[in-house]
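Working through the structure, step by step
The residues making up each chain are set out below.
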Amino acid sequence: AAPAPRPAAAPAPAAPAAPAAGGGLFFPLDQLQEKPFPEGVDPATREVYLSDADFQAAFGISKEKYASTPPWKRELLKKKLKLF
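Because the structure is predicted, anything quoted here is derived from the model rather than measured. (Residues numbered from 1 in each chain as written. Predicted model: local features only at pLDDT ≥ 70, side-chain atom pairs only at ≥ 80, totals over all residues. Heavy atoms only, no water.)

**So, the overall build of the protein chain**
Assigned secondary structure in the protein chain consists of 4 helices and 0 strands. Mapped from its N terminus to its C terminus, the protein chain presents α and β elements in the order α-α-α-α. Put simply, of all contacts in the protein chain between residues at least 6 apart along the chain, 33% involve residues at least 24 apart. (Helix = DSSP H or I, 4+ residues; strand = E, 2+ residues; numbered from the N terminus. Contact = heavy atoms within 4.5 Å.)

Here it is, written out as structure tokens:
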């Protein structure tokens, strides 16, 4: 007999969503630019909810390059895209 289905475990309330590791929780840029933001999106890090392709198209750089960019420059990029 098949095992009984287990209820899905809820993430810890203090833990931020992990889009890349959490099975690809991605949204189009336009949904991340205007309130209300999609459910589960951390407003402070909306850029992480873009797919790799959408991120590259919007920012003009990869997520890896963005991560190594100085914080002040990331802030300018986010402001330009209305993600700040």
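Now that the structure has been shown, the text picks up again.
**Brief notes about the pattern of salt bridges**
Between side chains of opposite charge, a pair can form when the charged atoms approach closely. In this structure the tally under the stated criterion is 3 salt bridges. Close ionic contact of Glu-47 with Lys-78 constitutes a salt bridge, the shortest N to O distance being 3.3 Å. Of this pair, Glu-47 sits in the loop between helix H1 (29-33) and helix H2 (52-59) while Lys-78 is found in helix H4 (residues 71-80), placing the two residues 31 residues apart along the sequence. The residue Glu-75 makes a salt bridge to Lys-79 at a minimum N-O spacing of 3.4 Å. Highlighted residues: Glu-75 and Lys-79, both in helix H4, separated by 4 residues, approximately one helical turn. Lys-79 gets classed as partly exposed once you look at its relative accessible area, which sits at 45%. (Salt bridge = Lys/Arg side-chain N within 4 Å of Asp/Glu carboxyl O. Buried < 20%, exposed > 50% of the residue type's maximum accessible area, 1.4 Å probe, protein only.)

**Things to note about the nonpolar core**
By size, the foremost hydrophobic cluster in this structure holds 11 residues: Phe-27, Leu-32, Val-41, Tyr-49, Leu-50, Phe-55, Phe-59, Ile-61, Tyr-66, Leu-81 and Leu-83. When residues no more than four places from it in sequence are discounted, the contact partners of Val-41 are Phe-27, Leu-32, Arg-46 and Tyr-49. (Core = buried A, V, L, I, M, F, W, Y, C linked by side-chain atoms within 4.5 Å.)

**Side note on the side chain of Ser-51**
Assignment of secondary structure puts Ser-51 in the loop between H1 and H2. Under the relative-accessibility criterion, Ser-51 is labelled buried at 19%. For Ser-51, the side chain forms a polar contact with the main-chain nitrogen of Asp-54, separated by 3.1 Å. Here Ser-51 is in contact with Phe-26 and Lys-63, once residues within four sequence places are set aside. (Polar contact = N/O pair within 3.5 Å; in protein donor to acceptor, adjacent residues only side chain to side chain.)

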